Amino acid sequence: MPAPSIGYTLHPNFWGNGYATEAVTAIVDQWCKLPRRNPEGLELALLKERLFAACNKENVGSVKVLQRSGFVMYDELVLEDEVAALFELEIPLT
């Protein structure tokens, strides 16, 4: 099953202006509006879909952007000398 994910990069001159939060929120909103199909015929109210994101755990700004957008950190992954924070946003299907 595919794992949809979101990523972004913002030039430091534009940090702290809310642009990343606005963009992530808009992308999540549009992603939630995409039509879904249910090939197994299961009751949609019981199904949930997840959107994923990751960032450097020390990047406090990105951690806050994802949290403000509804993402929850579910794990950490050590990559060489850095720790990646892994996030998911669970969307119930209706």
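Look a little higher up for the structure.
What this report covers is the structure whose coordinates are included nearby. Here the structure is a predicted model, which is why all the values come from computation and not from measurement.

Another aspect to go through is the layout of surface pockets. In this structure, the second largest pocket spans a volume of roughly 340 Å³. If one sorts the elements of the lining of the second largest pocket by residue count, helix H2 (residues 60-68) sits on top with 5 residues.

The grouping of Glu58, Glu80, Asp81 and Glu82 at the surface amounts to a negative patch. If you trace the backbone, Asp81 turns up in the loop between strand S2 (72-79) and strand S3 (82-92).

Turning to the nonpolar core, a few remarks are in order. Residues Phe71 and Phe87 are the most contacted members of the largest nonpolar core, which totals 16 residues. The set of elements that each furnish at least two residues to this core consists of helix H1 (19-33), strand S1 (48-56), H2 and S3. For Phe87, the contacting residues outside a window of four places in its chain are Leu51, Phe52, Ala53, Cys55, Val63, Leu66, Gln67, Phe71, Val72, Met73 and Tyr74.

By secondary structure assignment, the location of Ser62 is in helix H2. Among the polar contacts listed, one links the side chain of Ser62 to the side chain of Tyr8, at a separation of 3.2 Å. Apart from the residues within four sequence positions on either side, Ser62 is in contact with Tyr8 and Cys55.

Turning our eyes to something else, we now look at H1. Residues spaced three or four apart along an α-helix point in a common direction, a consequence of the helix completing one turn every 3.6 residues. Its 15 residues place the ends of H1 21 Å apart at the C-alpha level, agreeing with the 21 Å of an ideal helix rising 1.5 Å per residue. Residues Ala20, Thr21, Val24, Val28 and Trp31 constitute the buried set of H1. The buried side chains of H1 occupy one side of the element, clustering within an arc of 100° when seen end-on. Those residues of H1 that are exposed and angled more than 90 degrees off the buried face are Glu22 and Lys33.

Turning next to the pattern of salt bridges. Applying the stated criterion to the full structure yields 4 salt bridges. In this structure, Glu88 and Arg50 form a salt bridge, with 3.1 Å as the shortest nitrogen-oxygen distance. Here Arg50 lies in strand S1 and Glu88 lies in strand S3, a separation of 38 residues in the sequence. Residue Glu90 pairs with Arg50 through a salt bridge whose shortest N-O separation is 2.7 Å. Residue Glu90 is found in strand S3, and its partner Arg50 is found in strand S1; the two are separated by 40 residues along the sequence.

Moving on, we come to the sheet that holds S1. Strand order across the open sheet formed by 3 strands is S1-S3-S2, with antiparallel pairing between neighbours. The open sheet is flanked by S1 and S2, the only strands paired with a single partner. Averaged over neighbouring strand pairs, the angle between their axes works out to 25° when direction is ignored. One ladder, built from 9 bridges, connects S1 with S3; its direction is antiparallel. Paired with Glu49 across the two strands is Ile91, which belongs to S3. Its contacts with the sheet place H1 against S1 and S3, and it is angled at close to 155° to S1.

What counts as what
- Residue indices begin from 1 for each chain and proceed along its sequence in written order.
- The predicted nature of this model means local features are confined to residues of pLDDT at least 70 and side-chain atom pairs, given and counted, to a pLDDT of 80 or more, with totals for whole chains, interfaces and linings taken over all residues.
- Values shown for side chains rest on all heavy atoms present in the structure; no hydrogens or waters enter the calculation.
- In this analysis, the protein atoms alone were mapped onto a 1 Å grid. Cavities are point sets where a 1.4 Å probe fits without being able to get out; pockets are open sets with protein on both sides within 12 Å along at least five of seven lines; lining residues have an atom within 4 Å of a point.
- Grid points are joined across faces, edges and corners, and a volume is the space filled by probe spheres set on the points.
- Runs of H or I in DSSP of at least four residues are treated as helices and runs of E of at least two as strands, each being numbered from the N terminus.
- Think of a patch as exposed residues, more than 30% relative accessible area, with no salt bridge, where like charges cluster within 9 Å and nonpolar side chains (Val, Leu, Ile, Met, Phe, Trp, Tyr) cluster within 5 Å.
- Here the accessible surface of atoms and residues is derived via Shrake-Rupley with a 1.4 Å probe, and residues count as covered only by protein chains that are part of the display.
- A side-chain nitrogen of Lys or Arg and a carboxyl oxygen of Asp or Glu constitute a salt bridge if their distance falls within 4 Å.
- Positive charges come from Lys and Arg alone, negative charges from Asp and Glu alone, with His and the N- and C-terminal ends not counted.
- A charge is said to be at NZ when it belongs to Lys, at CZ for Arg, at CG for Asp and at CD for Glu.
- The term nonpolar core refers to a set of buried residues drawn from Ala, Val, Leu, Ile, Met, Phe, Trp, Tyr and Cys, joined through side-chain atoms within 4.5 Å.
- Relative accessibility decides the category of a residue: with a 1.4 Å probe and only protein chains considered, values under 20% of the type maximum give buried, values over 50% give exposed, and everything between is partly exposed.
- Two residues form a contact once any of their heavy atoms are found within 4.5 Å.
- Polar contact criterion, stated in full: a pair of N or O atoms within 3.5 Å, where within protein one must be able to donate a hydrogen and the other to accept it, and residues adjacent in sequence count only if both atoms are side-chain atoms.
- The span you would expect from a helix comes to 1.5 Å times its residue count less one.
- Directions drawn from the helix axis to the C-beta atoms are what define this arc.
- Paired strands are those between which DSSP finds at least two bridges.
- Axis definition: a line fit to C-alpha positions, over the contact stretch in the case of helices; interaxial angles, taken between N-to-C directions, run 0 to 180 degrees.

As far as function goes, none of this settles anything; it's purely spatial.
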